[in-house]
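If you want the building blocks of each chain, they are given just below.
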Protein chains: 2
Amino acid sequence: MKSKISTAMIAEKAGVGVSTAGFVLSGKARKMKISEKTEKRVLDIARELGYVPNAMAKSLRSERSGIVGLLYNHLKHNWADESLNGIKQALGKRGYSVFLSTHQFDPELQMKEVELMLQHRFDAIICIPFKEGIEAYERILKTDTPLVFLNDTLDELPDINVVAWNAREAADTAMRHLIGLGRKRFAFLGWGDQRPMFRARLEAFRSCLQAADLPVNEDWIQTFPLAGSVRGEVERLFSDEANRPDAIFAGLDVYGIEAIGVLEEMGLRVPEDVALVGMGDQPGSGFPSIGLSSMAIPSEVLGSKAASLALELLDDPGNKVASKILISFNELIERRSSVR
Amino acid sequence: MKSKISTAMIAEKAGVGVSTAGFVLSGKARKMKISEKTEKRVLDIARELGYVPNAMAKSLRSERSGIVGLLYNHLKHNWADESLNGIKQALGKRGYSVFLSTHQFDPELQMKEVELMLQHRFDAIICIPFKEGIEAYERILKTDTPLVFLNDTLDELPDINVVAWNAREAADTAMRHLIGLGRKRFAFLGWGDQRPMFRARLEAFRSCLQAADLPVNEDWIQTFPLAGSVRGEVERLFSDEANRPDAIFAGLDVYGIEAIGVLEEMGLRVPEDVALVGMGDQPGSGFPSIGLSSMAIPSEVLGSKAASLALELLDDPGNKVASKILISFNELIERRSSVR
DNA sequence: GTGAAAGCGCTAACAA
DNA sequence: TTGTTAGCGCTTTCAC
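Chain A carries the name LacI family DNA-binding transcriptional regulator in an unreviewed UniProt entry, which gives Pelagicoccus mobilis as its organism.

## Regarding the pairing of strand β8 (residues 247-250) of chain A
Residue and element names in this part refer to chain A. Alternating positions in β8 separate into two faces, A247 and F249 on one and I248 and A250 on the other, with burial throughout. Two strands pair when backbone bridges link them, and strand β6 (residues 186-191) and β8 are joined in this way by four bridges, in the parallel orientation. Opposite F188, over in β8, you have F249 as the bridge partner. Taken together, the three bridges between β8 and strand β9 (residues 275-280) define a ladder with parallel strand orientation. Within β9, the position partnered with I248 by the bridge is L276. Taking the sense of rotation as the criterion, the β-α-β connection linking β8, helix α11 (residues 253-265) and β9 turns out right-handed.

## Topic: the sheet that holds β9 of chain A
Pairing between sheet strands relies on hydrogen bonds along the backbone, with the strands arranged either parallel or antiparallel. Residues and elements named next belong to chain A. Strand order in the open sheet formed by six strands is β7-β6-β8-β9-β10-β12, with mixed pairing between adjacent strands. Two strands close off the open sheet at either side, each with one partner strand: β7 (221-224) and β12 (332-333). Against the sheet, helix α8 (residues 167-180) touches β6, β8, β9, β10 (293-296) and β12, its axis set at about 165 degrees to β9. Each of β6, β7, β8, β9 and β10 is contacted by α11, which is oriented at about 155 degrees to β9, the strand it contacts most.

## A look at helix α2 (residues 18-25) of chain A
Residues and elements named next belong to chain A. Listed as buried for α2 are T20, A21 and V24. Relative to the axis of α2, the buried residues are bounded by an arc of 95 degrees and lie together on one face. In this structure, the buried residues of α2 make contact with α1 (7-14) and α3 (36-49). G27 sits one or two residues past α2 and shows a positive phi near 75 degrees.

## Description of the packing of aromatic side chains
Scanning the model with the defined rule gives 19 aromatic pairs over all chains in all. Ring centres of Y137 of chain B and F149 of chain B lie 5.0 Å apart, and the angle between their planes is 75 degrees; this geometry places the pair in the edge-to-face category. Here Y137 of chain B is found in helix α7 (residues 134-142), whereas its partner F149 of chain B is found in strand β4 (residues 147-150), with 12 residues between them in sequence. One exposure class covers both Y137 of chain B and F149 of chain B, and it is buried. Measuring from centroid to centroid gives 6.5 Å for F186 of chain B and F205 of chain B, while their planes differ by 70 degrees, and the two rings are edge-to-face. Here the residue F186 of chain B occupies a position in strand β6 (residues 186-191), and F205 of chain B occupies one in helix α9 (residues 196-211), the gap between them amounting to 19 residues. Connected via pairs of aromatic rings, a cluster forms that spans F99 and F122 of chain A together with F99 and F122 of chain B.

Criteria and cut-off values
- Residues numbered from 1 in each chain as written.
- Chains lettered and ligands numbered in written order.
- Predicted model: local features only at pLDDT ≥ 70, side-chain atom pairs only at ≥ 80, totals over all residues.
- Heavy atoms only, no water.
- Buried < 20%, exposed > 50% of the residue type's maximum accessible area, 1.4 Å probe, protein only.
- Helix = DSSP H or I, 4+ residues; strand = E, 2+ residues; numbered from the N terminus.
- Pairing = 2+ DSSP bridges.
- Right-handed = clockwise from strand over helix to strand, strands pointing away.
- Contact = heavy atoms within 4.5 Å.
- Axes fitted to C-alpha atoms, helices over the stretch in contact; angles between N-to-C directions.
- Arc of directions from axis to C-beta.
- Phe/Tyr/Trp six-rings, centres within 6.5 Å; stacked < 30°, edge-to-face > 60°.

Shown next, in the form of structure tokens:
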């Protein structure tokens, strides 16, 4: 039987008023000093009838949904999985639930998802910002729904609360590690994304080289689309035996992983001829045939901090919180691609 | 301003009745023969006031949420991403939205998520079944909420509608490919999961060997936990130079990927000494340093079919649909691990 | 074409 | 302690 059981029916069957039944069923029996006998009777009948509370009626009345929306660009790699765990844990403790959706970097799709979350009166929204999606974020702000950016900021929306990995510091660590290995000729393979935390990787690349008095070869700085292949560029970069890099800093592991394969196909040895370090410690980097050293991203912590920030926003009626939380996490996972 | 704008307010401001405003705002102006002038006035005021329809009120009244819930065990690998795309596409066409959550194989967590979805009166639920989660599925069934299993069945719940990849056929294809390479001594590395579609991999292993009059060495059949490492077993299996496998069938790519690395560390050549084929074409198998041949899983198609099945269930008031859809998809992605 | 009004299930203020 | 009642915002029937 489709659950059409309401508090009123239960109240009637139990021979009590709706409010009595309501209090019991929403766990406020104690607070309202309902007699244990009555409470038990109501609960028994509810169980017997297969009562399922109607969350929409509850939210409609209480003006809050108890749900935080989570908007990912995609669920690839393990990033979403890990950060979601952090988020759910932090929000669960406070009685909030999480619903998640993705938009595959499609601004229109994102707008649709946002509209849906707003219509369902989600109490807050956490999302991974991307430049083309700005309209949707502005839409959220207009409704005064608390918004938290996870993992990056947008230059165009500088006032939004954000929790992100301090990729700049991590990239510095990675670069200093490679420089410490005695490498002199550096190439950069990175994502062409222009968000601050991705630009930071290239900035670290440049500034660490300068600080170490090493040359920055602009022709060896290459960026790619997210799902792009680095094969062609790697082959080009290493075609001139007389003048080729001896180290690669990969802004995302995925580029480093592919590069290792291409280099070995070309007969170059890793790390003897070319040392590599990547960013993000993505699944794959640790496979025995790959062994790409990488800076680990603290996904779960990021998620949990973002959730906490969202909770702060929710607790603050004025929405006045303004936090830019950069998590410093500079753990280098050393693998064969950069052993001494 | 927090969106506290209701249809009633808009109606008042526009000088029309609530129902008129309601018809316009829910896109039924045409059907109700509202004059274009009135329609425009209402819409203008709605926009001006920043009206956001209240989905909970709507659902409460209309007794349907327009949401299909999706319950994954985790979001690792790219499986969730791809199947979600298929699901969203199929459901979007019919005006349904999707909300997703995960439970990390924790039955209690899954039960909580299910309870939440039921309370929110999700119109249907699609999930990846796991044995320990049975209680939750029974809970769903008791409320008469349409339920679709994606990617596998459960022996204990044979009547549930399901869409899954025909892993048996695919595994047959993989095994026949290895046998066609002339390999004689086969090892199996698989997930210890007991669901039918995972058992099918091992069944295919055995039956293909028997059909080809090749020996089945029970000691070379090894299963592992999902996140387990095959290193120890692979080292053991190949320690006896006089008697070791010349082919590995990996029930999941992840085991094959690690095995390739371990084998090469041990000085064995892939595929000359050992040929491998995996299942699922997970990200990583195609990395140049790995090159694991694999049977591709049609994730997006599976998602889309599961969504269609859910829609069928929704359309059928009696809930009488009973489909077990096994998608045959036997595409072998040939990589270096099994070239002739 | 448009307006009035009932009611979805739940909460909470108010009475008793 | 328990019962009564007024909405929350929306849909939809019925009357004008």
